Amino acid sequence: MLTRRGFIRAGGATGLILGTAGLAAPALAQGVRIKIGYVSPQTGPLASFAESDAFNIQAFLATEAGANFDVIVKDSQSNPNRAAEVASELILQDGVSMIVVASTPETTNPVATVCESEGIPVVSTMAPWQPWFIGQQGNPTDPATWKKFDFAYHYFWGLEDVIAVFTNMWNQLETNKQVGGLFPNDGDGNAWGDPNLGVAPGFAAAGYTTTDPGRYQNLTDDFSAQINAFKAANCEIVTGVVIPPDFTTFRNQSLQQGFRPKIISVGKAILYPSNVEVLGEAAHNLSNEVWWTPAHPFKSSLTGKSAADLATDFTAASGRPWTQPIGFIHSLFEVAADVMKRVEDSADTDAVAAALAATRLDTVVGRVAFDGAGVPDFAAANVCKTPLVGGQWRRKADGTFDLVVVDNTSAPAIPTQGVMEALA
């Protein structure tokens, strides 16, 4: 049945439909131009997530498979409303056959929601799966109402994984097991800070008590209330999911106000060298979740290169240290190429969605397979989990930093490079 959205989609890709009529070969084998969209936060407070975007897209287009693609890039500007707007542009104006999107629920969720509404296949990554899947439901608080998606798919780790990684790191040091939680009023913060579905119950099961002073607004300039609450609870550990500029503010104000926990393990804020370099010595031994490194034992399905090779190529091209998104952004284009080689007509969005759902691909970040492995039944059709380990930033004599893997209990195939150390 031709729906309104189907008619709009067909009108935007008439050339592709005419060019492939009657051919049974996969879309990539036909040599037709395949138009896909890519959305990420290239500007704004989340811009560090997109540091490897240009490198990855250029590298993809230079591959044999990538030569058949046109990639239309859009900047979400770290704004959910803008993310939804550019997703609509890609569908209704640019006529893309598929969208790939990355980097926090503020970008992935609005793009996925628009794609699901318009019937355009979308695959996303670099956001924990709970805020991605549950955050898009009509009633996130009522599991009985949650529904699977027909066009939206996602791969990354979940809150259960970060709970395990953080507590495994913390268990390496002697603490009073009092944890202060920094949870902003955004998709990640509300998911991590949820008293029933967030991280606190998992921490409690591991013997840790969480003090949660409540939600704060992103880009706040005063964390005195949180710092005082953590002092009052004698918190020797701080955790949370914080945008980079806010963590810089919190860390500097904590030191100014004499709050010096033994451990700080936060998501999002200190994932990349550019995030920790601004803190200088105050970043030494900060810890975070680690989802990709050059030591990961995986290789690209597009180029055959290892994770180490990909990181080396990035540094050679940019002059910058490797950064975690390199692997995951590369893998988005691995998935897109794999999907399109399994469909006859890239303009048939139902066929593209079916091929996406059937993905079973070994990528540079590990296996991407929407087969339900390790995922609760309610999300099994749309979510694939990838491995997670824990690391600390070590400041070197020249002022630069290395991210050292200090716990791999949850993913033993990824080697450790050191042990957990307390903050000064």
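Because the structure is a prediction, the values reported are computed rather than measured.

J.: How should the overall build of the chain be read in this particular structure?
T.: Within the chain, the secondary structure is distributed over 16 helices and 15 strands. Since a compact globule built from 424 residues should have a radius of gyration of about 22 Å, the 21 Å found for the chain is in line with a globular shape. Overall, the C-alpha framework of the chain stretches about 70 × 45 × 35 Å when taken along its three principal axes. Long-range contacts, defined here as pairs at least 24 residues apart, represent 72% of the contacts in the chain between residues at least 6 apart.

J.: Teacher, can you tell me more about helix α4 (residues 53-61) here?
T.: In an α-helix, one full turn covers 3.6 residues, which means residues spaced three or four apart are oriented alike. Those residues of α4 not exposed but buried are Asp 53, Phe 55, Asn 56, Ile 57 and Phe 60. Against the buried residues of α4 lie β1 (34-40), β2 (69-75), α14 (307-318) and α15 (325-340).

J.: Just checking my understanding: could you explain the packing of aromatic side chains for this structure?
T.: For any pair of aromatic rings, geometry is given as the distance between the ring centres together with the angle between the planes. One pass over the full model with this rule turns up 28 aromatic pairs. Pairing Phe 133 with Phe 149 gives two aromatic rings, centres 5.3 Å apart and planes at 55 degrees, and the pair type is tilted. Residue Phe 133 is found in helix α7 (residues 129-133), and its partner Phe 149 is found in the loop between α7 and β5 (152-155); the two are separated by 16 residues along the sequence. Summarising the burial analysis for this pair, Phe 133 and Phe 149 share the class buried. An angle of 85 degrees between the planes, with centres 5.8 Å apart, marks the rings of Phe 223 and Phe 250 as edge-to-face. Within this pair, whereas Phe 223 is found in the loop between β7 (209-211) and α11 (224-232), its partner Phe 250 is found in helix α12 (residues 244-256), the two being separated by 27 residues in sequence. Phe 250 matches Phe 223 in its accessibility class, with the two residues each being buried. One Lys or Arg, Lys 177, reaches over the ring of Tyr 208 and ends 5.1 Å from the middle of that ring.

J.: Just to check I follow, could you spell out helix α5 (residues 80-92) for this structure?
T.: The terminal C-alpha atoms of α5, which comprises 13 residues, lie 18 Å apart, in line with the 18 Å expected from a rise of 1.5 Å per residue. Of the residues making up α5, those classed as buried are Ala 83, Val 86, Ala 87, Glu 89, Leu 90 and Ile 91. Lining the buried residues of α5 we find β1, β2, β3 (98-102) and α6 (105-118). You can read the cap of α5 off the contacts: a side-chain oxygen lies 2.8 Å from the backbone nitrogen of Asn 81, and it is on Asn 79.

J.: Sorry, what's going on with the side chain of Asp 161 here?
T.: Among the secondary structure elements, Asp 161 is positioned in helix α8 (residues 159-170). Within the structure, the side chain of Asp 161 is placed 2.8 Å from the backbone nitrogen of Gly 158, a separation counted as a polar contact.

J.: Sorry if this is basic, but what is going on with the pattern of salt bridges here?
T.: Oppositely charged side chains can pair when the atoms bearing their charge come close. Scanning the entire structure with this criterion turns up 21 salt bridges. For Arg 320, the salt bridge goes to Glu 277, with nearest N and O atoms at 3.6 Å. Of this pair, Arg 320 sits in the loop between α14 and α15 while Glu 277 sits in helix α13 (residues 273-277), placing them 43 residues apart in sequence. A relative accessible area of 26% means that Arg 320 is categorised as partly exposed. Between Asp 362 and Arg 367 there is a salt bridge, and its shortest N-O distance comes to 3.2 Å. Take Arg 367: its relative accessible area is 42%, and that puts it in the partly exposed class. What emerges from the salt-bridge pattern is a single network uniting Glu 106, Asp 186, Asp 188 and Lys 268.

J.: Which parts of the structure should I look at to understand the nonpolar core?
T.: Across soluble globular proteins, nonpolar side chains show a tendency to be buried alongside one another. If you look at the biggest cluster of nonpolar residues, it comprises 72 residues, and the most contacted ones within it are Met 98 and Tyr 155. One finds Ile 227, Leu 279, Ala 282 and Ile 414 within the second-largest nonpolar core, a separate group that totals 29 residues.

J.: Mind showing me how you'd approach the side chain of Ser 300 here?
T.: Here Ser 300 lies in the loop between β10 (287-290) and α14. Among the residues examined, Ser 300 registers a relative accessible area of 4% and is labelled buried. A polar atom in the side chain of Ser 300 sits 3.1 Å from the backbone nitrogen of Thr 303. Once you skip the residues sitting within four places of it in the chain, Ser 300 turns out to touch Lys 305, His 330, Glu 334 and Val 364.

J.: Just to check I follow, could you spell out the environment of Lys 268 for this structure?
T.: Residue position: Lys 268 is located in the loop between β9 (263-267) and α13. Non-local contacts of Lys 268, meaning those with residues more than four positions away in its chain, are made with Leu 46, Phe 49, Thr 104, Glu 106, Asp 186, Asp 188, Val 241, Val 242, Ile 243, Pro 244, Asn 275 and Glu 289. Looking at Lys 268, its side chain comes within polar contact range of the side chain of Asp 188, at 3.0 Å.

J.: Would you take a moment to explain the pairing of strand β14 (residues 389-395) for this structure?
T.: Taken across its seven residues, β14 has six buried, putting it largely inside the fold. Inspection of the sheet shows β10 paired to β14 by four bridges, in the antiparallel sense. Counterpart to Ser 287 in the pairing with β14 is Gln 392. As consecutive antiparallel partners, β14 and strand β15 (residues 401-407) are separated by five residues, and within that stretch Gly 399 has a phi angle of approximately 90 degrees, a positive value.

J.: Would you mind going over the sheet that holds strand β13 (residues 383-384) with me for this structure?
T.: Where strands meet in a sheet, backbone hydrogen bonds hold them as pairs that are either parallel or antiparallel. In space, the six strands of this open sheet follow the order β2-β1-β3-β4-β5-β13, with parallel pairing throughout. Looking along the sheet, the strands with just one partner apiece sit at the ends: β2 and β13. Two elements, β1 and β2, share seven bridges in a ladder whose sense is parallel. Among the inter-strand pairings, Ser 40 is bridged to a residue of β2, identified as Asp 75. Along the sheet, α5 makes contact with β1, β2 and β3, crossing β2 at roughly 155 degrees. Across the sheet, helix α16 (residues 349-357) is in contact with β3, β4 (122-125) and β5; its angle to β5 comes to roughly 25 degrees.

J.: Sorry, what's going on with the packing of α5 against α6 here?
T.: Describing two packed helices takes the angle between their axes plus the distance from one axis to the other. Where α5 meets α6, the closest approach of the two axes is 8 Å, and the angle between their N-to-C directions is 35 degrees. Two packed elements cross with a definite hand, and for α5 against α6 that hand is right-handed. Contacts between α5 and α6 involve Pro 80, Ala 83, Ala 84, Ala 87, Ser 88, Ile 91 and Leu 92 on the former and, on the latter, Glu 106, Thr 107, Pro 110, Val 111, Val 114, Cys 115 and Glu 118. Taken together, the residues of the contact of α5 with α6 sort by class into ten nonpolar, two polar and two charged.

What counts and how
- Residues numbered from 1 in each chain as written.
- Predicted model: local features only at pLDDT ≥ 70, side-chain atom pairs only at ≥ 80, totals over all residues.
- Heavy atoms only, no water.
- Helix = DSSP H or I, 4+ residues; strand = E, 2+ residues; numbered from the N terminus.
- Rg over C-alpha atoms; globule rule 2.2 N^0.38 Å.
- Contact = heavy atoms within 4.5 Å.
- Buried < 20%, exposed > 50% of the residue type's maximum accessible area, 1.4 Å probe, protein only.
- Phe/Tyr/Trp six-rings, centres within 6.5 Å; stacked < 30°, edge-to-face > 60°.
- Lys NZ or Arg CZ within 6 Å of the ring centre and 35° of its normal.
- Expected span 1.5 Å × (residues − 1).
- Polar contact = N/O pair within 3.5 Å; in protein donor to acceptor, adjacent residues only side chain to side chain.
- Salt bridge = Lys/Arg side-chain N within 4 Å of Asp/Glu carboxyl O.
- Core = buried A, V, L, I, M, F, W, Y, C linked by side-chain atoms within 4.5 Å.
- Pairing = 2+ DSSP bridges.
- Axes fitted to C-alpha atoms, helices over the stretch in contact; angles between N-to-C directions.
- Left-handed = near helix turned anticlockwise from the far one by under 90°.
- Nonpolar A, V, L, I, M, F, W, Y, C, P; charged D, E, K, R; others polar.

By themselves, these observations are geometric and do not establish any function.
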